[in-house]
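Examination of the molecular architecture
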Amino acid sequence: MTNGKKMDRRTFLACSTAGLVTASLSRFTLAADPFRIGLIIPKTGPFASTGKQVEAACRLYMQKNGDTVSDRKIELLVRDDTGTAPELTKRIASELIARDQVKVIAGFGLTPLAFAAAPIATDAKTPMIVMAAATSAIPQRSPFIVRSGFTLPQVTLPIAQWAAKNQIRTVVTLVSDYGPGLDAEKTFVKYFSGAGGTIVESTRAPLANPDFAPFIQRAKDAKPDALFVFVPSGAGTGVLKQFAERGLKEAGIRLICTGDVVDDDLLEAMGAPALGVVSSHHYSAAHPSAENRAYVSAFMQANAGLRPNFHSVGGYDGMHLIYEALKKTGGATDGEKLVAAMKGTSWQSPRGPMSIDPATRDVVQTVYIRRVEMQDGRPFNVEFDEFPNVKDPGS
């Protein structure tokens, strides 16, 4: 009887100790379980500058805000989709979720790539943060998509309205022939015409290997008050070169555009042809706020003097959105809970005030009218007017 009681006590103590060790190991495992973010961006190919900006901004956010949220270690897994192969983007997204166990996929430099990954996000119930691609319809492709960048209609509407109020009566439009370009053309035509302006002609250049010369010449021959242009980041240099060489400015034709054309990252290389160009966009490295001055300084210091552009803030704010959602869920990684936590989020970004529309999961932000001017011997997009709280007009 006595021996039995002693045995029971020993058994009890052994079991209790084992239970405590197991519980401790479970807590340790949970605390150490990383929260992986799969960043899919173009690191090579014609749109590599977009990927470079997005990745640099994501890493800067982690550097400034730490790599642990709600006891979860944040890991950034970066993959190159080259920016030109939707099937590759789709395969990378699938591998990141199934093999690497990422809890969020993010990035997406161009619309076709975002479209390709959307079904993967839906099937896996994994949040997908679109940091760069700008076609209006992207969030409609999956209930797990949230956008942190911008839409082309959102940044085109203000320049159309501004042009109609500033002695521009006739316009030729020139856009790249893919989703965002078609969005930009449709939006500009609608709102410029609605304000009493006249569209003389609408032209579209191929996305791959475009030769802008014949389109610029057609615009000159049409003799409008202005040429409105959208081309993706990186292609603006070719447009400005042809605009200058063919003498449109001397012919009295103004160049107005979305901010992609006069990308901050490439503005210095564009030279004199960029001076005086008026554009509308959601971010400029010259935005005069304390948050932006700190952001630009930290970004350039961390990236050998590289100037941040509009794609960078898509990455930076996308990381903010992920961090805040994970805080709200207390570290829970359920995809539906994370997306729900992102809806309605608002904050002060380096670009200015912004929020996520809870109904559309799309970004709401201020869009600025800017002019390329010299400041301290360097060209910048200097803001001189603004349109606050702009939603995507198609949503």
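Anything mentioned here points back to the structure above.
No experiment lies behind these values; they were computed from the predicted model shown. (Residues numbered from 1 in each chain as written. Predicted model: local features only at pLDDT ≥ 70, side-chain atom pairs only at ≥ 80, totals over all residues. Heavy atoms only, no water.)

Side note on the side chain of S148
Its location among the elements puts S148 in the loop between β6 (145-147) and α5 (152-164). By relative accessible area, S148 is classed as buried at 0%. From its side chain, S148 meets the backbone oxygen of G314 in a polar contact 2.7 Å long. (Helix = DSSP H or I, 4+ residues; strand = E, 2+ residues; numbered from the N terminus. Buried < 20%, exposed > 50% of the residue type's maximum accessible area, 1.4 Å probe, protein only. Polar contact = N/O pair within 3.5 Å; in protein donor to acceptor, adjacent residues only side chain to side chain.)

Section: the packing of helix α2 (residues 48-65) against helix α10 (residues 290-302)
Direction vectors running N to C along α2 and α10 enclose 110 degrees, while the axes themselves pass 10 Å from each other. Relative to α10, the element α2 is oriented roughly perpendicular. Where α2 abuts α10, its residues Q53, A56, A57, L60 and Q63 lie against Y295, A298, F299 and A302. (Axes fitted to C-alpha atoms, helices over the stretch in contact; angles between N-to-C directions. Parallel < 35°, antiparallel > 145°, perpendicular 65-115°, else oblique. Contact = heavy atoms within 4.5 Å.)

Some thoughts on α5
For α5, built from 13 residues, the straight-helix expectation of 18 Å at 1.5 Å per residue is met to within 8% by its first-to-last C-alpha distance of 19 Å. Turning to α5, its buried residues are L152, P153, Q154, V155, T156, L157, P158, I159, A160, W162, A163 and A164. Residue T151 occupies the N-cap position of α5, its side-chain oxygen lying 3.0 Å from the main-chain nitrogen of Q154. (Expected span 1.5 Å × (residues − 1).)

Some words on empty space enclosed by the protein
Inspection of the entire model under this criterion finds 1 cavity of 30 Å³ or more. For the largest cavity, the lining is made up of 17 residues, of which G109, L110, Y178, P232 and H311 are closest to its centre. For the lining of the largest cavity, the class distribution of residues is 11 nonpolar, 5 polar and 1 charged. (1 Å grid on protein atoms, 1.4 Å probe; cavity = no way out; pocket = protein on both sides within 12 Å on 5 of 7 lines; lining within 4 Å. Points joined across faces, edges and corners; volume = space filled by probe spheres on them. Nonpolar A, V, L, I, M, F, W, Y, C, P; charged D, E, K, R; others polar.)

Observations regarding the sheet that holds strand β5 (residues 128-130)
Taking strand neighbours across the sheet as the criterion, the 6 strands line up as β2-β3-β1-β4-β5-β6 in an open arrangement whose pairing is mixed. What marks the edges here is a single partner per strand, and that holds for β2 (68-69) and β6. Bridge count for β2 against strand β3 (residues 72-80) is 2 bridges, and the pairing is antiparallel. By the bridge assignment for β3, V69 is matched with R72. (Pairing = 2+ DSSP bridges.)

Examining unusual backbone geometry
With phi around 70 degrees, F108 is a residue other than glycine that occupies positive phi space. Structurally, F108 can be placed in the loop between β4 (104-107) and α4 (111-124). Even without being glycine, K223 reaches a positive phi, approximately 55 degrees. Its place among the elements puts K223 in the loop between α7 (213-222) and β9 (226-230).

Some remarks on the environment of A93
Tracing the chain through its elements places A93 in helix α3 (residues 86-98). The exposure class of A93 is buried, given its relative accessible area of 0%. Taking the C-alpha atoms as reference points, A93 and L39, 54 residues apart in sequence, are found 9.1 Å from one another. Ignoring any residue separated from it by four or fewer positions in sequence, one finds A93 in contact with I40, I105, A117 and I120.

Observations concerning the packing of helix α11 (residues 310-328) against helix α12 (residues 335-342)
The contact between α11 and α12 brings their axes to 8 Å, and the two run at 110 degrees. Here α12 runs roughly perpendicular to α11, going by the angle between their axes. You can see that α11 and α12 cross each other, and the crossing is right-handed. Residues L321, I322, A325, L326 and K328 of α11 pack against L338, A341 and M342 of α12. (Left-handed = near helix turned anticlockwise from the far one by under 90°.)

Quick look at the packing of aromatic side chains
Throughout the structure, instances matching the rule amount to 10 aromatic pairs. For the pair F188 and F228, a centre-to-centre distance of 4.3 Å together with 10 degrees between the ring planes defines the contact as stacked. Here F188 is found in helix α6 (residues 179-194), whereas its partner F228 is found in strand β9, with 40 residues between them in sequence. Look at F188 and you get buried, because its relative accessible area is 0%. (Phe/Tyr/Trp six-rings, centres within 6.5 Å; stacked < 30°, edge-to-face > 60°.)

A few points about the pairing of strand β12 (residues 346-349)
The alternating pattern of β12 places W347 and S349 on a buried face, while none of S346 and Q348, on the opposite face, is buried. As judged from the 4 bridges shared by β12 and strand β13 (residues 352-356), these two strands associate in the antiparallel manner. Within the sheet, the bridge partner assigned to S349 lies in β13 and is G352. Linking β12 to β13, which pair antiparallel, is a turn of 2 residues.

Take it as geometry only, folks, not as evidence of what the structure does.
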